[in-house]
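Inside the fold
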Amino acid sequence: MLIANALAALPGEKDFRRVDILVREGKIARIAAAGSLADVSAADLSSADSILADEETIDATGLMMFPGAIDPHVHFDEPGFTQREDFLHGSSEAARGGVTTVIDMPCTSLPPVTSLAALKNKLAIVSKSAVVDFAFYGGVNGLFDDASMDLAIDALAPHVVGFKCYFVSGMESFTAVTPEQFARAYNRCAAAGRPLLLHAEDPAVIAAAEAALGAARGRKAPTWKDYYASRPMEAETAACSAALRLAGARPRWLHIVHIGTAEAAALVAASGASCETCGHYLAFDEDDFQALGAALKTAPPVKEASQKALLWKLLAEGAISFVASDHAGAPDYEKFTGNPLSAYGGIPGTGTFFPYLLSEGLFAKRLSLPRFLEATSGAAAARYGISGGKGSLAEGKDADFVLVDPEASTLLDPASMYSKSRITPFAGMRLAGRIKETFVRGSRVYGEGGILALPGSGKFIQWGYR
Ligand SMILES: [Zn+2]
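Residues numbered from 1 in each chain as written. Predicted model: local features only at pLDDT ≥ 70, side-chain atom pairs only at ≥ 80, totals over all residues. Heavy atoms only, no water.

A full pass over the atoms with the stated rule returns 22 salt bridges. We note a salt bridge from arginine 84 to glutamate 334, for which the minimum N-O separation is 2.7 Å. Remark: glutamate 334 occurs in helix α12 (residues 332–335) and arginine 84 occurs in the loop between β6 (69–74) and α1 (87–96); sequence separation between them is 250 residues. Of the residues examined, arginine 84 reaches a relative accessible area of 12% and is grouped as buried. Classification of glutamate 334 as buried rests on a relative accessible area of 14%. Of the charged contacts in the structure, one is a salt bridge between lysine 390 and aspartate 398, with a shortest N-O distance of 2.8 Å. (Salt bridge = Lys/Arg side-chain N within 4 Å of Asp/Glu carboxyl O. Helix = DSSP H or I, 4+ residues; strand = E, 2+ residues; numbered from the N terminus. Buried < 20%, exposed > 50% of the residue type's maximum accessible area, 1.4 Å probe, protein only.)

Remark: helix α7 (residues 233–247) packs on helix α8 (residues 262–271), axes separated minimally by 8 Å, with the N-to-C direction vectors making an angle of 15°. The orientation of α7 relative to α8 falls into the category roughly parallel. Viewed along their axes, α7 and α8 form a crossing whose handedness is right-handed. The segment α7 lies against α8, with Glu236, Thr237, Cys240, Ser241 and Leu244 engaging Glu263, Ala264, Leu267, Val268 and Ser271. For the contact of α7 with α8, the residue count by class is 5 nonpolar, 3 polar and 2 charged. (Axes fitted to C-alpha atoms, helices over the stretch in contact; angles between N-to-C directions. Parallel < 35°, antiparallel > 145°, perpendicular 65-115°, else oblique. Left-handed = near helix turned anticlockwise from the far one by under 90°. Contact = heavy atoms within 4.5 Å. Nonpolar A, V, L, I, M, F, W, Y, C, P; charged D, E, K, R; others polar.)

Another point: the coordination of the zinc ion. Around the zinc ion, the donor atoms from the protein are His73 (NE2), His75 (NE2) and Asp326 (OD), and they sit 2.1 Å away. In terms of primary sequence, the donors binding the zinc ion are separated according to H-x1-H-x250-D. Residue classification places histidine 73 among the buried positions, given a relative accessible area of 0%. (Donors = N, O, S within 2.8 Å, 3.2 Å for Na, K, Ca; no water.)

Core analysis: the largest hydrophobic core is formed by 99 residues, its most contacted members being Phe66 and Phe354. The biggest single contributor to this core is α7, with 7 residues. For phenylalanine 354, the residues in contact, after removing those within four places along its chain, are Phe66, Ala69, Gly97, Phe372, Thr376, Val402, Val404 and Ile435. (Core = buried A, V, L, I, M, F, W, Y, C linked by side-chain atoms within 4.5 Å.)

Now for the pairing of strand β8 (residues 133–136). On β8, burial covers both faces: Asp133 and Ala135 on one face and Phe134 and Phe136 on the other are all buried. Judged from the 4 bridges that link them, strand β7 (residues 99–104) and β8 form a sheet pairing that is parallel. Bridged to isoleucine 103 within β8 is alanine 135. (Pairing = 2+ DSSP bridges.)

Turning to the sheet that holds β6, a few remarks are in order. Taken together, the 3 strands give an open sheet; going across it, the order is β6-β7-β8, and neighbouring strands pair in parallel fashion. The strands lining the two open edges of the sheet, one partner per strand, are β6 and β8. Neighbouring strand axes in the sheet, compared pairwise and without regard to direction, differ in orientation by 20° on average.

Moving on to the side chain of arginine 96. Mapped onto the elements, arginine 96 comes out in helix α1. Contact partners of arginine 96, with chain neighbours within four places excluded, come to Gly351, Ser416, Met417, Tyr418, Ile435 and Tyr446.

With that out of the way, let us pick up the confidence of the model for the protein. Reading fine detail from the predicted coordinates is not recommended where pLDDT is low. Per-residue confidence for the protein gives a mean pLDDT of 95, with 97% of residues at or over 70. Residue range residues 40–49 is modelled with pLDDT below 50. Its contacts to residues more than four positions away, or to other chains, number 9 contacts. (pLDDT = per-residue confidence, 0-100.)

A separate point is the packing of aromatic side chains. Using the criterion set out here, one finds 21 aromatic pairs in the structure. Seen in terms of ring centroids, tryptophan 253 and tryptophan 463 are 6.4 Å apart; in terms of plane orientation they differ by 45°. Their pairing is tilted. Here tryptophan 463 lies in the segment after β18 (450–451) and tryptophan 253 lies in the loop between α7 and β12 (254–256), a separation of 210 residues in the sequence. Feature note: the residues Phe76, Phe87, Phe134, Phe136 and Phe460 constitute an aromatic cluster, connected by ring pairs. Sitting over the face of the ring of phenylalanine 136, lysine 122 holds its NZ or CZ atom 5.0 Å from the ring centroid. Residue placement shows lysine 297 over the ring face of tyrosine 227; its charged tip is 4.5 Å from the ring centre. (Phe/Tyr/Trp six-rings, centres within 6.5 Å; stacked < 30°, edge-to-face > 60°. Lys NZ or Arg CZ within 6 Å of the ring centre and 35° of its normal.)

Our focus in this paragraph is helix α2 (residues 116–126). Listed in full, the buried residues belonging to α2 are Ala118, Leu119, Lys122, Leu123 and Val126. The arc that holds the buried residues of α2, viewed along the axis, is 135°, so those residues lie on one side. The exposed set on the far side of α2, more than 90 degrees from its buried face, consists of Ala117 and Lys120. The elements touched by buried residues of α2 are α1, β7, β8 and α3 (146–156). (Arc of directions from axis to C-beta.)

Structure follows, in structure tokens:
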């Protein structure tokens with residue numbers, strides 16, 4: 001396959017370069033100046049030695065070509081919670097949004113991925129349905145004793161790209177860790193050479209806030225303001241401070257997920273640990289709960305309006321390493337409970353993550369091209385040990401890419417989503433740029449006809465993938 005005359009976003013380059021890209025056996029075989037591999041305007045492909053006569057040529061004139069996005073934080077819920085999402089729907093939605101690799105969380109499947117047997121069980125099930133490539137995290141939760149935790153981390157490490165734990169969890173099947181358990185897990189993960197990902201909200205800060213609110217509210221029904229106030233920004237900064245203290249002098253294997261508080265992100269970045277934020281923290285704030293309600297509910301919640309610009313700045317500087325969707329849909333009956341405190345927290349965001357950052361990050365000039373590429377693919381690939389094969393448009397890497405029409409726009413319409421849940425705060429947003437096609441290892445997975453890949457075409461990848 002030849003992609004001719006594309007405006008390609010190549011790693012490290014300050015601006016797009018007009019190139020031809022030759023794809024062989026799913027890999028990027030050559031990147032050369034436009035016209036050097038084929039002159040499509042001359043319609044004489046035979047003159048280019050390297051092009052086979054019957055080879056597909058995509059005339060990408062006028063299109064931008066990006067590395068496929070990597071969404072390093074999704075909850076595809078299979079097996080166990082498939083009323084919310086499954087791998088077929090979730091990975092299809094990913095492909096629609098330009099995502100070619102997802103990394104799935106261990107906590108929202110049953111059994112959770114806290115043993116090698118559970119990982120193998122999940123792999124056997126989701127391998128049949130994924131349409132984009134995928135990797136897993138292993139889980140560390142409060143149900144482990146010391147010995148079983150060590151054994152589980154050691155057994156899972158070769159097959160996962162990191163481990164996930166919580167300081168605060170609403171799940172009975174995946175409980176929070178104590179500070180002692182966290183410290184033990186961190187050391188074990190570091191020894192195994194895998195990042196430990198933390199949901200960083202401090203349980204004591206949240207408990208105190210909830211108690212104060214409950215007392216003040218009396219018998220009145222909880223409001224969205226109550227939900228927001230129950231998970232204050234101090235919960236994030238306190239949890240990040242505690243995690244850094246427990247991780248000790250070398251916190252480089254610590255990664256904080258879905259940060260919404262700029263102060264917490266700056267603290268993490270200064271320590272040498274890493275963090276991510278999500279599109280919803282960049283796009284929305286607490287005032288939006290009035291209009292959006294349950295569609296905007298996540299944990300942690302979106303923050304004060306002042307945080308959005310600060311988060312964009314930290315992302316532009318690289319202090320926030322990358323962006324993830326934290327894709328976590330839920331059906332209407334779990335979202336619209338009529339009670340802000342019991343409504344399911346989560347947004348099905350894997351399809352909006354790349355289009356949103358493209359429009360509001362790159363095109364709106366909040367992010368340089370190199371930082372946009374890092375934030376949507378390169379930095380996550382490096383952090384999770386898959387940059388030998390994924391994360392940029394480079395010779396020898398997988399031909400995972402997205403073709404974007406920069407002149408067109410995208411209306412984020414829930415009716416066009418493939419995920420099981422379509423309850424999203426991004427509904428109705430108009431973004432600059434439109435994804436035309438998404439390719440995974442040289443195969444067209446999404447295009448004009450919708451999802452074009454067969455279920456099961458997505459490949460399981462592990463740390464060290466190349
Ligand atoms: Zn999550």
